[in-house]
Amino acid sequence: MRGVGRRERRADAPGGKGARIAVREDARAFARDPRQNVALQASAGTGKTWLAMEQARRWAQAGERVAFVSYGRGVAQHVRTAMADLPAVAQPAFIGTFHQLGYRWGVVPPADPDQDFWERQNTALTLAAAERLPPEERFTAFVVDEAQDFADDWWPALLAAAGTDDYRLAVFRDDEQAVFSQRRGRPDVALPEPFVLTENLRNSSQIVHTFAPLIAAEITPRGGDAHPVEFVACHPEQVEATADAAVHRLLEQNGWRPEDIVLLTTQHRHPVQQESAHDKAAYWDAFWQEDDVFYSTVAGFKGLERPVVVLAVDGFHAGIDPRSVMYAGMSRARDLLVVVGDPTDVGSAVGEKTMRRLERGRV
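Just so we're clear, the structure is a prediction, and the values are computed from it rather than from any experiment. (Residues numbered from 1 in each chain as written. Predicted model: local features only at pLDDT ≥ 70, side-chain atom pairs only at ≥ 80, totals over all residues. Heavy atoms only, no water.)

**Student:** Mind laying out the packing of helix α2 (residues 48-61) against helix α3 (residues 73-83), listing which residues take part and the relevant values?
**Tutor:** In contact at an axis separation of 11 Å, α2 and α3 are set at 55° when each is read in the N-to-C sense. The angle between the axes of α2 and α3 places the two elements in the oblique class. Our pair here, α2 against α3, has a crossing hand that is right-handed. When α2 is examined against α3, the residues Thr-49, Trp-50, Met-53 and Arg-57 are found in contact with a partner set consisting of Val-75, His-78, Val-79, Ala-82 and Met-83. Per-class residue counts for the contact of α2 with α3 are six nonpolar, two polar and one charged. (Axes fitted to C-alpha atoms, helices over the stretch in contact; angles between N-to-C directions. Helix = DSSP H or I, 4+ residues; strand = E, 2+ residues; numbered from the N terminus. Parallel < 35°, antiparallel > 145°, perpendicular 65-115°, else oblique. Left-handed = near helix turned anticlockwise from the far one by under 90°. Contact = heavy atoms within 4.5 Å. Nonpolar A, V, L, I, M, F, W, Y, C, P; charged D, E, K, R; others polar.)

Encoded structure:
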């Protein structure tokens with residue numbers, strides 16, 4: 001039996017009617033703040049992106065020319081899809097990533113860009129392009145989602161596209177999901193004290209209970225009950241094969257549909273992702289349009305969700321906090337979380353408290 005899936009969602013389940021009402025109530029409270037610049041700090045699953053979209057919609061309806069900018073392509077595509085049916089007057093003038101904004105302004109990377117291009121040259125070119133923009137292409141309001149992952153030098157390049165000195169800026173962030181530990185993710189602009197959300201609306205109570213020790217922020221689960229979290233132990237060299245077997249079991253024995261499942265890796269791209277990610281636009285279109293299992297890294301899937309996440313712990317990039325990666329990956333699952341990995345490696349990443357909770361669900 002599936003339990004709580006897309007076909008059988010209770011009103012208080014993650015993403016259900018109760019969650020939507022809670023997000024609308026937070027939106028009303030957030031919108032009461034009359035300040036020109038706004039900030040929001042919240043943990044995973046609290047509705048940050050939905051509130052960012054609502055802020056963008058209201059500013060657009062008020063006559064602002066809005067740029068909605070996110071760190072990840074997946075979130076940008078999600079926002080474009082979610083806002084596509086709004087009247088034209090309620091839609092942002094731009095929705096995309098910082099780099100996609102540069103493409104729009106004519107900043108085209110070389111055929112084989114190196115890391116120096118992305119870290120230095122691209123930002124300088126984007127800043128120069130922003131400074132050359134004609135008045136009709138400039139923005140009067142900016143909404144930045146997943147702001148904790150914005151490089152420090154992206155902010156001047158982004159805000160150089162402002163049409164006036166009194167532009168509006170809304171910043172949405174979760175510092176405990178930071179992909180790049182060396183980035184502050186904060187513009188040199190005066191922002192008020194952040195509006196803080198503490199109620200998790202996405203994840204089941206079992207999933208929140210498991211990842212809660214990984215973060216310092218207060219968090220209250222409101223997603224209802226679903227399935228126990230599962231832990232599948234394996235040798236480090238068998239993580240990929242074991243994760244694939246877990247997906248097969250969920251499909252063939254447990255009745256989940258392919259489109260319910262995402263397999264996330266903590267470091268290396270799964271071979272299926274490697275085959276499809278060369279065309280980034282088609283890769284993300286497949287997430288929204290195809291009824292199939294999706295494959296991604298945790299970093300690439302931030303801000304998104306599926307009913308089931310199989311989290312393959314296959315190592316961590318240097319300079320990245322493993323706890324942040326595990327928190328981000330675990331919190332992508334709405335109803336069922338399956339963690340696959342070597343117990344020693346997983347325990348080193350999540351600490352004793354979360355590891356004890358994972359061990360209770362060993363299968």
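From this point on, the discussion continues.
**Student:** Can you tell me about unusual backbone geometry, naming the residues and giving the values?
**Tutor:** One non-glycine residue, Glu-146, lies in the positive phi region at around 55°. Examined against the element boundaries, Glu-146 turns out to sit in the loop between β4 (141-145) and α6 (154-159). In this structure Glu-146 comes out as buried when scored by relative accessible area, which is 4%. (Buried < 20%, exposed > 50% of the residue type's maximum accessible area, 1.4 Å probe, protein only.)

**Student:** Now, about the sheet that holds strand β6 (residues 195-197): what can you tell me, with residues and values included?
**Tutor:** Two modes of strand pairing occur in sheets, parallel and antiparallel, and in both the strands are linked by backbone hydrogen bonds. Here we have six strands laid out as an open sheet, ordered β3-β2-β4-β5-β1-β6, and parallel in their pairing. Each of the sheet's edge strands pairs with one partner strand only, and the pair in question is β3 (94-97) and β6. The mean angle between the axes of side-by-side strands here comes to 15°, regardless of whether they run parallel or antiparallel. Bridge count for β4 against strand β5 (residues 168-173) is four bridges, and the pairing is parallel. Within β5, the residue paired with Phe-142 across the bridge is Leu-169. (Pairing = 2+ DSSP bridges.)

**Student:** Requested: an account of the layout of surface pockets, with residues and values cited.
**Tutor:** Of the volumes computed, that of the largest pocket is approximately 1,400 Å³. Tyr-71, Val-179, Phe-180, Lys-280 and Ala-299 are the residues nearest the centre of the largest pocket, which is lined by 43 residues in total. When contributions to the lining of the largest pocket are tallied by element, the ones reaching two or more residues are α3, α4 (98-104), α5 (115-131), α10 (280-289), β11 (294-297), α11 (298-301) and α12 (322-330). Per-element accounting of the lining of the largest pocket gives the leading share, four residues, to α5. In the lining of the largest pocket, the residues fall into 17 nonpolar, 18 polar and eight charged. (1 Å grid on protein atoms, 1.4 Å probe; cavity = no way out; pocket = protein on both sides within 12 Å on 5 of 7 lines; lining within 4 Å. Points joined across faces, edges and corners; volume = space filled by probe spheres on them.)

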